[in-house]
Amino acid sequence: MDGRRACALAGPDTVFADADVPFTVADDDVILSEFEVGEGERVGLRLQWVPPRQSPSAPGDIAEVIAKTTRWWQEWTGRCGYRGRYRTQVIRSLITLKALTYAPSGGMVAAATTSLPERLGGVRNWDYRYCWIRDATFTLLSLLDAGYVDEAAAWREWLVRSVAGRPEHMQLMYGVEGERRVTETELDLPGFAGSRPVRIGNRAGEQFQLDVYGELMDAVHQARACGLPPDENAWQVQRALLDFLEGHWREPDNGIWETRGPRRDFTHSKVMAWTAVDRAVREVEEFGMDGPAEDWKRLRQEIFQEVCERGYDADRGTFTRYYGSAALDAALLLIPQVGFLPATDERVRGTVAAVERELCRDGFVQRYGTTGEAADADGLPPGEGAFLACTLWLADCHILAGDTDRGRALLERLLGLANDVGLLSEEYDTAHRRLLGNFPQALSHMSLVNTALNLERRGGPAHQRARGEGSAAADRRRDGPWPRTSPARP
């Protein structure tokens, strides 16, 4: 400590505190500074973490550092191509997604927190400081359609690099550098509002989930369709994944919601297996990639027929959570987005109506029921909030079906849940009117961006994903190479 710089060490971590005013250290090792600030005056304070064996940056002019950082973000947000009614909320969400991205690798974590409960006092407390493959296409399209090409390209490269290897070893989540070890441990301490356990790591990383194969295939296909420069390793990875999927798509899995009960034949998982094969066919037909397209077409039709026969309840007029089940799943709202069936198909309309009837609470959508049959599949005690991304998926279904008024109403109601600086968590407690779950949640914010874009034009991300190449992507490919969009870092 030298009067204006204090240093605190703990194991491998070092923190430096700088200020424009002198420090003192009290007997209890508390760093103190007493000062007065008059009208028009400023006092700069800065806290800096430094990795092991590295030196801190010079204190510098804190006001100038703040000004430089502000200018960088103003330039970055000024490049947003969305000019619609919800521009303020879209920019807030894009800033959040950028802040959740680890710049050296391009990986985007699901949230910056661990163990914030999905039910106060409950056990649904997960570590979200990892990158989920299932968010791949949502992330890519929200960035691309808003005009942030460098970030989208970095995310695509992170995906291809992280999943490279033997297909059977593909995980549903990775660390920010593509780390594969995400072992879950429980800490002996109380979490938020006394919720236990507090977890480090996530055992879901060891699960088998079919949907991640579809998400990865779709993300790489959308990147090509939108004109991103090709990745020479991507098709090799895709071919390997398709070979694996062809022999394993019939297997039950843990599903998109990472249930800790028995594996099931989840309908959404099979739809995403169909999506993976469909994108492989499109890669051959639209981009001239080398592959057995006719064999893949037969496989695509086989999966489609099975899903429509075993995952659809004709008596109730709705797709179901898993084969032979009467339960519902909000992930079924993604059926029209991936192009499995159009939003106007009577089976999709019936599913949307069933979700609104059985899974909506005060106008917001729950992922699935957590009592009775649904609790047996979940493997956890019942009770959680409404899932914000699912509510936006419902809005997208209405938009795809041509009912933009209902889609807009859902979006605007959800926007009212954001906190004072526009941030959203994963879930919402409709009874106590409070946000729940890890915070801020990337999936909530990228879904918000996509829904706003869907309302703006017929070529929004949902239309684009369902058709393989929306009008926005077609325009970009026609107009030539993508420009760089990110200013130099401050």
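Residues numbered from 1 in each chain as written. Predicted model: local features only at pLDDT ≥ 70, side-chain atom pairs only at ≥ 80, totals over all residues. Heavy atoms only, no water.

Visitor: What's the story with the overall build of the chain in this structure? I'm lost.
Guide: Across its full length, the chain carries 15 helices and 18 strands. Relative to the globule expectation of 23 Å for 490 residues, the C-alpha radius of gyration of the chain, 24 Å, shows essentially globular dimensions. Projected onto the principal axes, the alpha-carbon positions of the chain cover approximately 75 × 55 × 45 Å. Going through the 490 residues of the chain one by one, you find that 56% of them count as buried. Put simply, of all contacts in the chain between residues at least 6 apart along the chain, 66% involve residues at least 24 apart. Summed over all atoms, the accessible surface of the chain reaches about 21000 Å², with 50% contributed by carbon and sulfur. One way to put it: in the chain the 59 positive side-chain charges average out to a point 3 Å from where the 73 negative ones average out. (Helix = DSSP H or I, 4+ residues; strand = E, 2+ residues; numbered from the N terminus. Rg over C-alpha atoms; globule rule 2.2 N^0.38 Å. Buried < 20%, exposed > 50% of the residue type's maximum accessible area, 1.4 Å probe, protein only. Contact = heavy atoms within 4.5 Å. Areas by Shrake-Rupley, 256 points an atom, 1.4 Å probe, with all protein chains shown as cover. Lys, Arg positive; Asp, Glu negative; His and termini not counted. Charge placed at Lys NZ, Arg CZ, Asp CG, Glu CD.)

Visitor: Hey, could you run me through the packing of helix α2 (residues 87–99) against helix α13 (residues 442–456) in this one?
Guide: Think of two packed helices as two axes; the pair is described by the angle between the axes and how far apart they sit. Taken N-terminus to C-terminus, the directions of α2 and α13 make an angle of 140 degrees; their axes are 9 Å apart at the nearest point. Regarding α2 and α13, the two cross each other, and that crossing is left-handed. For the pair formed by α2 and α13, the contact residues are Gln89, Val90, Ser93, Leu94, Thr96 and Leu97 on the first element and Ala442, His445, Met446, Leu448, Val449 and Ala452 on the second. Broken down by class, the residue content of the contact of α2 with α13 amounts to eight nonpolar, four polar and no charged. (Axes fitted to C-alpha atoms, helices over the stretch in contact; angles between N-to-C directions. Left-handed = near helix turned anticlockwise from the far one by under 90°. Nonpolar A, V, L, I, M, F, W, Y, C, P; charged D, E, K, R; others polar.)

Visitor: Sorry if this is basic, but what is going on with unusual backbone geometry here?
Guide: With an omega dihedral of 0 degrees, the bond running from Arg196 to Pro197 counts as a cis peptide bond. Note that Pro197 resides in the loop between β10 (185–187) and β11 (198–200). Going from Phe439 to Pro440, the amide bond is cis rather than trans, its omega being -15 degrees. Relative to the assigned elements, Pro440 resides in the loop between β18 (434–436) and α13. For Arg53, which is not a glycine, the phi torsion comes out positive at approximately 70 degrees.

Visitor: What's the story with the sheet that holds strand β16 (residues 386–387) in this structure? I'm lost.
Guide: Pairing between the strands of a sheet comes from backbone hydrogen bonds, and it takes one of two forms, parallel or antiparallel. Ordered by their spatial adjacency, three strands build an open sheet running β16-β17-β18, and the pairing between neighbours is antiparallel. Each edge of the sheet is formed by a strand with only one pairing partner; in this case those strands are β16 and β18. Relative to strand β17 (residues 427–429), β16 runs antiparallel, the two being bridged by two bridges. When the sheet's bridge partners are listed, Phe387 is paired in β17 with Glu427. (Pairing = 2+ DSSP bridges.)

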